[in-house]
Amino acid sequence: MRAYIAGRLATAVLVILGVSVVSFFLTFLTGDPAEIMLPPGATAVQIEKFRAEWGFADPLPVQYWRFLKRAVHGDFGVSLRHGQSSLPLIVARLPATLQLTVTAMLLAIVLAVPLGVLAATRRGGPIDLLAMSVALVGQSVPNFWLAIMMILLFAVSWGLLPTSGRGGVAHVVMPAAAIAINLMALLTRLVRSTMIEMLSEDYVRTARAKGLRELFVTSRHALPNALIPLVTVVGLQFGYILGGAVVIETIFTWPGVGLFTIQAILNRDYPVVQAAVFILATAVVLINLAVDLLYVWLDPRIRVT
Amino acid sequence: MDPQALTRRDALRLLGLTTAATALRPGLSAAAATGEVKIGLAAEPNTFDPHLTVGRNSQIFIANVYDGLTARDGQGNLVPGLAESWKRLNATTWQFTLRKGVKFHNGDDFNAESVKFTLDRATNPETKATISSELSTIAATEIVNPFTVNVTTKTPDFLLPVRLGELFGLMLSSKHTAAMGKEAIATKPNGTGPFKLVAWTKNEKLLLEANENYWRGAPQVKTLVVRPILEDAARIAALQTGEVDLIAPVPHVRIAELQRNDKLAIKTIAAPRIFHVTIDVRKPPFDNVKVRQALNHAVDVNAIIKTLYFGHGTRLATVVDKGALGYDPSVQPYAYDPNRAKALLAEAGFPNGFETEFDSFTGSIADHSKPAEAIVGYLQKVGIKAKLNVFEFSAFGPRRVQNTTSPLFIYSIGDAYLEPSWVIRWLTQGGLGMHYKNARLDEMLTKIEATDDSKKRAPQYSAVQKLIKDEAPFIFLYQADAAFGMSARVDYTPRPDETQWLYPLRLKG
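Please read these numbers as outputs of a predicted model, since none were measured by experiment.

1. Considerations on the interface of chain A and chain B
- On the side of chain B, 42 residues touch chain A, which itself brings 43 residues to the contact.
- Looking at the side of chain A that touches chain B, the elements with two or more residues in it are α2 (34-37), α3 (44-54), α7 (143-157), α10 (214-251) and α11 (257-266) of chain A.
- Taken together, the residues of the side of chain A that touches chain B sort by class into 22 nonpolar, 14 polar and seven charged.

Next comes the structure, spelled out in structure tokens:
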């Protein structure tokens, strides 16, 4: 088991390194920050001087090597825009993003599991139809559109929730819901289909034959087994949720990593982009590892020896 | 009787109003600041260190905490700031006489030493000042006495007093800066300005409080809560729900709808951003002035303003904006006349038009790609087939630096100084894809730049505008309006230089 984890961690390091290389060269392929940072009246000579001073005139591999040497010490450089060390800037925004994404994930699970189970146990009925319609809409509606519609309805028309920003519990409702809806749709479908599968298994028939009540059969026998794939999917979806958070944080001006990163990308603030990519990639890799380990623990059939 | 004439009663009314206004004035400035106003802006400053600001969004805001040596009034005229007066002693020396009795927020005195420290810091390469290009003419700052400084420039710089205004001449306290260090100034500024920064949570909010001892008199509003709200729809929603009282900007597409809401007021002002298409005059057929004039006749700029900006823009005859010194409205824009354009093309030897390329870009502070599409469409109608290349803004920059732009490219320049000479010099610099040169224009500008008195400078710009219009080194376009939205609680009049100067902001009633 230990060797397995060590191996996975070693792979994780390679993955993060690969992601950093790709993101480094991709951001540089689309230009450098000189013109964005200088006032509009800067002349060609002044722009060149600025690029030389900040090291943007050096060949890309040289710049990447310089970046890598510092990065292994956890130093991603000083943000061009904020004048502060970039890693702490990102870390300081993690709690806001975690609050948003974890709320969204819980919201999705709490809604999807009962809906999926009900749909599976009452297959073909009105609840099933409703659940599948919700799933269809949830997966096909773009979340930025949904977010803006929610602002118009819940904040402007009905005055129930604040329009944007971070503050109390009320502030998290709309952005979390906007992120959750897509995942919820996916999970509802998943729970429904695995439940249908489980309910036709032999052990369920045996349980029913023993005379157990249907509710007991569903909740104690079928559901726990149906939830195993849910764990994997939720884990794998975490990366998508972070991606969704970038859009949703921007719409709601939610002060998290996503908003900060998108601004850094637009401003070509490389140190911040690199720090953000590192943090986000690490988070995704670690969560996937945790999910795999959890899976092993949950399902003895795939335990590695 | 002429209905316009002033009647005796009108005269009496006017007299009464003037007397009342005079009587009220000292009362207003002596009153203490009260109340709170919440503001939603599309962006927040990147820093409060005036030498490391990035982007106009930072520069137009941090002046609320600092003062420059010079300032602008509500009409955009240059007025005294921390300097009471200034004069050019010789071609390369400006003398500033400083205001006495001004204190920084922490109680430090403002004096000649503050000016020397600030300008030395801004021009010191170790500061890596992002705004250094705007102050690059400064050679040295010399203290004459505690309230007089001489600033010498490497070459004659008639614009120095303007440069040392609210965009690039914000004054720092030497003691505070030395004590706090570079990183701390970014978030804990100590200026002489109308507001003090009390707290700042990046991406969340800025809390500013009135400086009761402000030398112009305390501002009328005690507390400002500024929230960055990036998304247009969310920012407008925040105004509609009363979460904030003032927002900027309001996108043009939403202005009409919000104007119908009687709980809100929308105020627009022509922003000093000059949209234009640069023509590479070195490359045939654009070396022929008739071709360049044909391009100007071919594009229906008014239709572009009407459809893309919903009418919230100003057609410009040249590259001189409406708010700039010496703007001459008698210089009329090229009329939209495709037949005239075709005739000019035929005269130039291109009766069937020609093929060329046109660059535009996305992702900058303003939308350039949609107007570019419209322009390319209009050119097509007179037989000029322009292939449109669209770049990401930061990828377009290197093309300009390397002078590899297409013969035509759209761009816009913010006339930060409201001074045509500065804009025209930049547009004719011989780099960044801009290659128009004209000895007579150069001579005219040199003469203007030797004139320190702006009142004498202004009329000289008429001839410049006529010449540029006739020479047509650009397709002249427009400037768009900046729109501010506000609730019935507040009153705010935007300034023509784009600055979000909140000192005159007041609560109604």
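The rest of the description comes next.
2. Considering the packing of α10(A) against helix α12 (residues 270-298) of chain A
All names here are of chain A.
- Between α10 and α12, whose axes approach to 9 Å, the crossing angle comes to 180 degrees. When the axis of α10 is compared with that of α12, the two are roughly antiparallel. On α12, the residues that touch Ile 228, Val 231, Thr 232, Gly 235, Leu 236, Phe 238, Gly 239 and Leu 242 of α10 are Leu 280, Val 284, Ile 287, Asn 288, Val 291, Leu 294, Tyr 295 and Leu 298.
- The residue makeup of the contact of α10 with α12, split by class, is twelve nonpolar, four polar and no charged.

3. A look at the packing of helix α5 (residues 86-121) of chain A against helix α8 (residues 169-199) of chain A
- Running from N to C, α5(A) and α8(A) point in directions that differ by 35 degrees, and their axes come no closer than 6 Å. Here α5(A) runs over α8(A); the crossing is right-handed.

4. Some thoughts on the sheet that holds strand β5 (residues 93-98) of chain B
Residue and element names in this part refer to chain B.
- Taking strand neighbours across the sheet as the criterion, the four strands line up as β4-β5-β7-β6 in an open arrangement whose pairing is antiparallel. Bordering the open sheet on either side are β4 (83-90) and β6 (138-145), each of which pairs with just one other strand. Strand-to-strand twist of the sheet, defined as the mean angle between neighbouring strand axes without regard to direction, takes the value 20 degrees.
- In terms of strand pairing, β5 meets strand β7 (residues 148-153) through five bridges, oriented antiparallel. Residue Thr 97 lies in a different strand from β7, and its bridge partner there is Thr 148.
- Contacts from helix α3 (residues 112-123) reach β5, β6 and β7, with the element oriented near 170 degrees to β6.

5. Examining the confidence of the model for chain B
Residues and elements named next belong to chain B.
- Looking at chain B as a whole, the pLDDT averages 92, with 94% of positions reaching at least 70.
- Every residue in residues 1-6 scores below 50 in pLDDT, and together they form one contact with partners more than four places removed in sequence or on other chains.
- Taken as a whole, residues 14-29 scores under 50 in pLDDT and shows one contact with residues more than four places along the chain or in a different chain.
- Taken together, the chains of this predicted complex give a pTM of 0.87 and an interface ipTM of 0.84.

6. Section: the pairing of strand β10 (residues 221-228) of chain B
Residues and elements named next belong to chain B.
- The sheet contact formed by strand β1 (residues 34-41) and β10 spans seven bridges and is parallel. Note that in β10 the partner of Leu 41 across the bridge is Pro 228.
- In terms of strand pairing, strand β9 (residues 205-210) meets β10 through four bridges, oriented antiparallel. In the sheet register, Leu 208 faces β10, and the bridge partner there is Leu 224.

7. Side note on the pairing of β6(B)
Residues and elements named next belong to chain B.
- The sheet contact formed by β6 and β7 spans six bridges and is antiparallel. When the sheet's bridge partners are listed, Thr 141 is paired in β7 with Val 151.
- With antiparallel pairing between neighbouring strands as the criterion, β6 and β7 make up a hairpin whose turn holds two residues.

Cut-offs applied
Residue numbers restart at each chain and count upward from 1, following the sequence in its written direction. As they are written, the chains are lettered A onward and the ligands numbered 1 onward, keeping that order. Two thresholds apply to this predicted model, a pLDDT of at least 70 for residue-level local features and 80 or more for giving and counting side-chain atom pairs, whereas whole-chain, interface and lining totals are computed over all residues. For every residue pair, C-beta atoms are placed from the backbone, and the pair is scored as a contact if these atoms sit within 7 Å. Put simply, DSSP marks the helices as runs of H or I at least four residues long and the strands as runs of E at least two long, and each gets a number from the N terminus on. When residue character is reported, Ala, Val, Leu, Ile, Met, Phe, Trp, Tyr, Cys and Pro are called nonpolar, Asp, Glu, Lys and Arg charged, and the others, Gly included, polar. To get an axis, fit a line to the C-alpha atoms, keeping to the stretch in contact for a helix; angles then go from 0 to 180 degrees between the N-to-C directions. Any angle from 65 to 115 degrees is called roughly perpendicular, while one under 35 is roughly parallel, one over 145 is roughly antiparallel, and all others are oblique. Each crossing gets its handedness from the near helix: less than a right angle anticlockwise from the far helix is left-handed, clockwise is right-handed. DSSP-based pairing: two strands are paired if at least 2 bridges between them are found. One number per residue, pLDDT, summarises how confident the predictor is, and it ranges from 0 to 100.

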